[in-house]
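# Fold and geometry: a report
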Amino acid sequence: MGKALEKNIVKGGGFLFNHPHFTEIFIPEEFNDEQKMMAKATQDFIDKEVFPIVNRIDALEEGLMPSIMSKAGELGLLGVCIPEKYGGLGMSFNTGMLIADIVASTGSFTTAFGAHTGIGTLPILYYGDNTQKEKYLPRLSSGEWKACYCLTEPDSGSDANAAKTKAILSEDQQHYLINGQKMWISNAGFADLFIVFAKIENDKNLTAFIIEKSFGGITMNEEERKMGIKGSSTRQVFFNDTKVPVENMLSSRQNGFKIAVNILNIGRIKLGCGVINACKQIANQSTQYANDRKQFGLSISSFGAIKQKLSQMASKTFGIESASYRAGQDIDDQVHILLEQGYSEDEAKLKGVEEFAIEAAIIKVHGSDVLNEIADQGVQVYGGMGFSEEAPMARAYRDARIAKIYEGTNEINRILLVEMIIKKIAKGIFNLNDELDFFNTGMIHEGSFDAAPLSKEYKAIKDLKKATLMIVSKALNSFGTKINEEQEVLINISEMVIETYVAESTLLRTLKLINQSGAASAELFINLTKLYLYNAVRKSKNAGYEALACMIDEDKELDSLLTVMNKLTAYHHESTTKLSRNIADEMILQNKFPYTLYS
Ligand SMILES: Cc1cc2nc3c(=O)[nH]c(=O)nc-3n(C[C@H](O)[C@H](O)[C@H](O)COP(=O)(O)OP(=O)(O)OC[C@H]3O[C@@H](n4cnc5c(N)ncnc54)[C@H](O)[C@@H]3O)c2cc1C
């Protein structure tokens, strides 16, 4: 194994332009005892307070969800990342991710929890003044008050800054009168506090306000009848001359859109990470069902077609888990660097997340896609019972779907993440030409290292980066500043970027594990990595082909670039069947997801 390198300063999106060493990334096996204890307490909480009553929750039983939220607050789960001086536990960003991961398996409660602790609380934590923080954060952290976030309107969803809700300053200049209609508001039915985005008079940009329910002038429609997460409260909210004291403006006038974007950045990385335990639960249940269910005189788990699904569930979950905690720790490290540079705590935290906005979008898109794929496979493993409300897969399948829509749709996030990479290239933060020259000359980058026994996989990831940057370069040459109009190309590039980041995260995690305890004990992780990479390369190859076909009309040029693409995506594993069966056999033997992190 190569000599461990000092941790370089990691730049958001920088993974595409560098070859980090495994010592530079955090892996979830490195969570400390305190973090593991928090994970265990959260799991105990949901085992006791949520799982036994999921049907009652989904029936929207009056008062039930807020009472579970209050209990979560008593345990400290609503204030994990809120500083202790405001009644929270003052833990790191990555610990917040860990709690979001564990809560993930609870469907409706996941949404209620995420809306309260994320988009409902964070605007005050990051943008509130001291008085606002002192007044509201202890109540939100304890669960005494529940929060919601009101951005979306009937005519403004993805285009959030087009919102029409109005705020007019009163004649005595003591309060604003808010009028407007918000839509799809999670937790609205029981919230005590509303973060509301409105335009003051004829402003171009939104301003954010903290509105207490007791201010009055708030009415609501009935609960929405939804496809999934049926137990989460989702309502339209109307503000009718709601009188908001001027001191309840958050931050400054017209800073609301920036707040909304930055808070959604945090929300979306937690949402992406907040699928992991759901994926594990589906894998657990599918394995158990496959072991129990007999057809043709055999457990269906003995069939290759079922093993293939189980191993895919494990390898995809391993992928999103590896990527999420790598990014979460990069954010924490960035926050520390910024604090050392003299930034205030709030500024450091915000800038830390902002730096990794590309990774946040990657994790949101990939996490939600993976959850949906795994839920779909779960339904299939259950066969007819997968379609029945008597078994758990129907709910898992319905509940998964929303993750691709809220916190910025996956299309918007895919487009955004590529645009952010292109902006960083335009600003000179990353030099595309240098990188391509380096790739073309094949010189060994100083960050390269001996990755045995995964050298072939390490090379495959380097080739994926090269392929991705080749397409980015071609797109920039073809469309220049009009690249934003070529969404079909951007979406395909995003697929390559996402798969590269996740595949590399699995590889580096496994190399670290091998380094810690030897290849023999990391055999499962080696298999998970190889299977992940095999699929990542195939997906990237397809996306690369599509992108090129969208860009190039001329046969000769297309042929020549497709040939390069073929070479760069030539990775194969000698026997994917063997790989897949090894992983599935481990699951079948253990009757569950193949490894445990926080027992
Ligand atoms: C259950 C649920 C809970 C929610 N909770 C909240 C909440 O608590 N607070 C809140 O404020 N909002 C909430 N939302 C709203 C959610 O964030 C929006 O639904 C989401 O942002 C999409 O907006 P939209 O529904 O208006 O879809 P649209 O913006 O109309 O999008 C429709 C389709 O067009 C695509 N599209 C739109 N613009 C572009 C573009 N420029 N380029 C390419 N494709 C584009 C989208 O990707 C999507 O596929 C919730 C929604 C649901 C369903």
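Bear in mind that the values here come from a model prediction, so they are computed numbers and not experimental data. (Residues numbered from 1 in each chain as written. Predicted model: local features only at pLDDT ≥ 70, side-chain atom pairs only at ≥ 80, totals over all residues.)

## Some thoughts on the overall build of the protein chain
In terms of regular secondary structure, the protein chain is built from 20 helices and 10 strands. The C-alpha atoms of the protein chain give 24 Å as radius of gyration, which agrees with the globular expectation for 599 residues (25 Å, within 12%). Principal-axis analysis of the C-alpha atoms places the extent of the protein chain at approximately 75 × 60 × 45 Å. By the burial criterion, 52% of the 599 residues in the protein chain qualify as buried. In the protein chain, 77% of the contacts between residues at least 6 apart in sequence involve partners at least 24 apart. (Helix = DSSP H or I, 4+ residues; strand = E, 2+ residues; numbered from the N terminus. Rg over C-alpha atoms; globule rule 2.2 N^0.38 Å. Buried ≥ 20, exposed ≤ 12 C-beta atoms within 10 Å, placed from the backbone. Contact = placed C-beta atoms within 7 Å.)

## Considering the domain arrangement of the protein chain
According to the domain assignment, the protein chain contains domain 1 (28–146), domain 2 (149–254), domain 3 (258–404) and domain 4 (430–568). Just the C-alpha atoms count here: the centres of domain 1 and domain 2 sit 23 Å apart. Contact residues are listed per partner, giving 22 residues for domain 1 and 18 residues for domain 2. The set of elements that each furnish at least two residues to the side of domain 1 that touches domain 2 consists of helix 2 (54–58), helix 3 (64–74), helix 5 (108–120), helix 6 (122–127) and helix 7 (130–142). Among the elements that make up the side of domain 1 that touches domain 2, the one with the highest residue count is helix 5 (7 residues). (Domains from an automatic or database assignment.)

## Considering the pairing of strand 4 (residues 193–200)
The buried fraction of strand 4 amounts to 7 of the 8 residues, a majority that puts the element mostly inside the structure. As judged from the 4 bridges shared by strand 1 (residues 147–150) and strand 4, these two strands associate in the parallel manner. For Tyr149, the partnering residue across the bridge sits in strand 4 and is Ile195. Bridging between strand 2 (residues 166–169) and strand 4 involves 2 bridges; their strand directions are parallel. Among the inter-strand pairings, Lys166 is bridged to a residue of strand 4, identified as Lys199. Hairpin connection from strand 4 to strand 5 (residues 207–212): 6 residues lie between these consecutive antiparallel strands, with Glu201 at a positive phi of about 45°. (Pairing = 2+ DSSP bridges.)

## Side note on helix 17 (residues 487–517)
For the α-helix, the turn length of 3.6 residues means that residues three or four positions removed from each other point alike. The terminal C-alpha atoms of helix 17, which comprises 31 residues, lie 45 Å apart, in line with the 45 Å expected from a rise of 1.5 Å per residue. Of all 31 residues in helix 17, 25 are buried; the element is thus mostly enclosed. (Expected span 1.5 Å × (residues − 1).)

## Notes on the pairing of strand 3 (residues 175–186)
For strand 2 and strand 3, the ladder comprises 4 bridges, and the chain directions are antiparallel. In the strand pairing of strand 3, Ala167 is matched with Ile178. Linkage of strand 2 to strand 3, two consecutive antiparallel strands, is achieved through a turn of 5 residues, within which Gln173 is found at a positive phi near 60°.

## Side note on the site of the ligand
Among the 20 residues in the neighbourhood of the ligand, the closest are listed as Leu151, Gly157, Ser158, Trp184 and Thr409. Sorting the residues of the shell around the ligand by element identifies strand 1, strand 3 and helix 14 (410–426) as the ones contributing at least two each. Among the residues forming the shell around the ligand, the class breakdown is 11 nonpolar, 7 polar and 2 charged. (Near = placed C-beta within 6 Å. Nonpolar A, V, L, I, M, F, W, Y, C, P; charged D, E, K, R; others polar.)

## A look at the packing of helix 4 (residues 93–103) against helix 10 (residues 304–340)
It is the contact of helix 4 with helix 10, at a shortest axis distance of 8 Å, that shows an interaxial angle of 150°. Considered as vectors, helix 4 and helix 10 are oriented roughly antiparallel to each other. Across the interface between the two elements, Phe93, Asn94 and Met97 of helix 4 pack against Ser324, Tyr325, Gly328, Gln329, Ile331, Asp332 and Val335 of helix 10. Across the contact of helix 4 with helix 10, the residue classes break down as 5 nonpolar, 4 polar and 1 charged. (Axes fitted to C-alpha atoms, helices over the stretch in contact; angles between N-to-C directions. Parallel < 35°, antiparallel > 145°, perpendicular 65-115°, else oblique.)

## A short note on the environment of Leu193
For Leu193, the position within the fold is in strand 4. For the pair Leu193 and Ile211, spaced 18 residues apart in sequence, the C-alpha to C-alpha distance is 5.8 Å. In this view, Leu193 contacts Tyr136, Leu140, Trp145, Ala147, Ile210 and Glu212; residues no more than four positions away in its chain are not counted.

## A look at the nonpolar core
Grouped together as the largest cluster of nonpolar side chains are 184 residues, with contacts concentrated most on Cys150, Val196, Phe209, Cys279, Ile362, Ile493 and Val497. What Ile362 contacts, discounting residues up to four positions off in sequence, is Ala323, Leu417, Val497, Ile498 and Tyr501. (Core = buried A, V, L, I, M, F, W, Y, C linked by C-beta atoms within 7 Å.)

## A closer look at the environment of Pro20
Tracing the sequence through the fold places Pro20 in the segment before helix 1 (33–49). Classification of Pro20 as partly exposed rests on a count of 19 C-beta atoms within 10 Å.

## Some remarks on the environment of Arg268
Among the structural elements, Arg268 can be located in helix 8 (residues 256–273). As for Arg268 and Met385, which are separated by 117 residues in sequence, their C-alpha atoms are 32 Å apart.

## Here's the deal with unusual backbone geometry
Following Ala452, the chain continues to Pro453 via a peptide bond in cis, the omega torsion being 5°. Examined against the element boundaries, Pro453 turns out to sit in the loop between helix 15 (432–441) and helix 16 (455–479). For Phe296, which is not glycine, the phi dihedral falls at a positive 55°. With respect to the element layout, Phe296 can be found in the loop between strand 9 (294–295) and strand 10 (298–299). Phe296 sits in the exposed class, given 7 other C-beta atoms within 10 Å. Backbone geometry places Asn591, a non-glycine residue, at a positive phi of 60°. Of note, Asn591 is situated in the segment after helix 20 (576–590).

## Overview of the packing of helix 9 (residues 276–292) against helix 12 (residues 357–382)
Interhelical geometry of helix 9 versus helix 12 gives an angle of 15° and a closest axis separation of 10 Å. In terms of orientation, helix 9 and helix 12 fall into the roughly parallel class. For the crossing formed where helix 9 meets helix 12, the hand is left-handed. From helix 9, Ala278, Cys279, Ile282, Ala283, Gln285, Ser286, Tyr289 and Ala290 reach across to helix 12, where they touch Val370, Leu371, Ile374, Ala375, Gly378, Val381 and Tyr382. (Left-handed = near helix turned anticlockwise from the far one by under 90°.)

## Re the confidence of the model for the protein chain
Here the protein chain shows a mean pLDDT of 94. Residues at 70 or above account for 96%. Confidence drops under pLDDT 50 across residues 1–6; counting only partners more than four residues distant or on other chains, this segment forms 10 contacts. Long-range and interchain partners of residues 442–446, a stretch whose pLDDT sits below 50, account for 3 contacts in this model, where long-range means more than four residues apart. (pLDDT = per-residue confidence, 0-100.)

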